[in-house]
Amino acid sequence: MLNLYGITISLSIFLCILITQKLVVKYKKNEEIFWGLSFWTIFCGILGARLYHVLDYFDYYRYHQLDIFKIWNGGMGIWGGILGGTLGAITYLKIKGEKIFPWLDIISVVTPLGQSVGRWGNFFNKEIFGLPTTLPWGVYIEPEKRPVEFLNYSKFHPLFIYESILNFILFLFLLILYKKTNEKTPSGTFLCIYLISYSTIRFFLEFLRINPWKIEISSLFLNVSQCISILVIIISIIFIFRNNFLRKKQ
């Protein structure tokens, strides 16, 4: 039986590599570095995404350790993937003596496309759906897949579709902007624009999540993903202002 989740994730990776290669050739970057960078970014991204998911559902995986390796059943945390992929890319580029941020900018332009396509894997696995809804585009979830507290509801917000559409729009925006301005924009800017944009998307969509990963801190009402989003936005904005300030002083 075909695993549609695995096929979807593979397709998302293939499209990212294909478009990134075109950008690498167009802007005359080292293709040998590109292939090595692709491997380590994807490998470390998958490890990070799975680790984030396992930590999120640790109460389950502590008793089902072998299921940790069954990634074809779904369970990839985007924030873990972003962190893991970034660390893998930085490590590889440092070893090769390459400038880091120009390469991270290219990766950031294409990453939303991979996320957009990859989210359809959640559709096939009937996961990452939101709260119950009566809206006409609500997605039907089989009773066995519904959370216990919502067994009497049949349609739910298709969070994976919301994020897929928004990520695709973000990809088009970044691609157009990169082609027009990358040669006169400080390195690292596109990375920050991507992080700010995706963090904003994720922050607001999290309000529709069912039982998101939370860490009890006093009367804090935000979940883990929202806290990460806020932190990433703050760091990215500081980086942009610092980058532009240093550029003006030169």
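Below, the structure is looked at part by part. The structure presented is a predicted model; accordingly, all values stated were derived computationally and were not measured. (Residues numbered from 1 in each chain as written. Predicted model: local features only at pLDDT ≥ 70, side-chain atom pairs only at ≥ 80, totals over all residues. Heavy atoms only, no water.)

**Here's the deal with the overall build of the protein**
Then, in step 1: Along its length, the protein carries 9 helices and 2 strands.
Then, in step 2: Reading the helices (α) and strands (β) of the protein from amino to carboxyl end gives α-α-α-α-α-α-β-β-α-α-α.
Then, in step 3: In summary, the protein has a C-alpha radius of gyration of 19 Å against a globular reference of 18 Å for 250 residues, a match within 12%.
Then, in step 4: Structurally, the protein occupies a C-alpha span of about 60 × 45 × 40 Å along its principal axes.
Then, in step 5: In the protein, which comprises 250 residues, the share counted as buried stands at 45%.
Then, in step 6: As presented, the protein carries roughly 14500 Å² of accessible surface, and 68% of it is formed by carbon and sulfur atoms.
Then, in step 7: For the protein, the centre of its 25 positive side-chain charges and the centre of its 15 negative side-chain charges are spaced 10 Å apart. (Helix = DSSP H or I, 4+ residues; strand = E, 2+ residues; numbered from the N terminus. Rg over C-alpha atoms; globule rule 2.2 N^0.38 Å. Buried < 20%, exposed > 50% of the residue type's maximum accessible area, 1.4 Å probe, protein only. Areas by Shrake-Rupley, 256 points an atom, 1.4 Å probe, with all protein chains shown as cover. Lys, Arg positive; Asp, Glu negative; His and termini not counted. Charge placed at Lys NZ, Arg CZ, Asp CG, Glu CD.)

**A short note on the packing of helix α1 (residues 4–26) against helix α5 (residues 100–118)**
Then, in step 1: Relative to each other, α1 and α5 sit at 150°, their axes nearing to 8 Å. With respect to α5, the axis of α1 lies roughly antiparallel. Crossing handedness for the pair α1 and α5: right-handed. Facing Thr8, Ile9, Leu11, Ser12, Leu15, Cys16, Ile19, Thr20, Leu23 and Val24 of α1, the residues of α5 in contact are Trp103, Ile106, Val109, Val110, Leu113, Gly114, Val117 and Gly118.
Then, in step 2: Residues belonging to the contact of α1 with α5 are distributed by class as follows: 13 nonpolar, 5 polar and no charged. (Axes fitted to C-alpha atoms, helices over the stretch in contact; angles between N-to-C directions. Parallel < 35°, antiparallel > 145°, perpendicular 65-115°, else oblique. Left-handed = near helix turned anticlockwise from the far one by under 90°. Contact = heavy atoms within 4.5 Å. Nonpolar A, V, L, I, M, F, W, Y, C, P; charged D, E, K, R; others polar.)

**Looking at the pattern of salt bridges**
Then, in step 1: Summed over all chains, the structure comprises 4 salt bridges.
Then, in step 2: In this structure, Asp67 and Lys70 form a salt bridge, with 3.1 Å as the shortest nitrogen-oxygen distance.
Then, in step 3: A residue is classified by how much of its surface remains accessible, and Asp67, at 18% relative accessible area, is buried.
Then, in step 4: Classification of Lys70 as partly exposed rests on a relative accessible area of 32%.
Then, in step 5: Taking the shortest distance from any N to any O, the salt bridge between Glu206 and Arg209 comes out at 3.1 Å. (Salt bridge = Lys/Arg side-chain N within 4 Å of Asp/Glu carboxyl O.)

**Overview of the layout of surface pockets**
Then, in step 1: Taken as a whole, the second largest pocket holds about 620 Å³ of empty space.
Then, in step 2: Lining the second largest pocket are 25 residues, and of these Ile82, Leu83, Thr86, Leu195 and Val232 lie nearest its centre.
Then, in step 3: Going through the elements one at a time, α2 (31–56), α4 (78–95), α5, α8 (189–205) and α9 (224–249) are the ones with two or more residues in the lining of the second largest pocket.
Then, in step 4: In terms of residues, the lining of the second largest pocket owes the most to one element, α4, which gives 8 residues.
Then, in step 5: The class makeup of the residues in the lining of the second largest pocket is 20 nonpolar, 5 polar and no charged. (1 Å grid on protein atoms, 1.4 Å probe; cavity = no way out; pocket = protein on both sides within 12 Å on 5 of 7 lines; lining within 4 Å. Points joined across faces, edges and corners; volume = space filled by probe spheres on them.)

**With respect to the environment of Ile68**
Then, in step 1: Summarising the element assignment, Ile68 is placed in the loop between α3 (58–61) and α4.
Then, in step 2: Judged by relative accessible area, Ile68 falls into the partly exposed class, the value being 25%.
Then, in step 3: Here the alpha-carbon distance between Ile68 and Lys184, two residues 116 residues apart in the chain, equals 45 Å.
Then, in step 4: Apart from residues lying up to four places away in sequence, Ile68 is in contact with Arg50, Val54 and Tyr61.

**As for α5**
Then, in step 1: With 19 residues, α5 extends 26 Å between its outermost C-alpha atoms, agreeing within 8% with the 27 Å of an ideal straight helix rising 1.5 Å per residue.
Then, in step 2: Along its length, α5 reaches its greatest deviation from straightness, about 30°, at Val110, and the proline Pro112 lies no more than four positions downstream.
Then, in step 3: Among the 19 residues in α5, 16 count as buried, and that is most of the element. (Expected span 1.5 Å × (residues − 1). Bend = angle between axes of the 7 residues up to and from the residue.)

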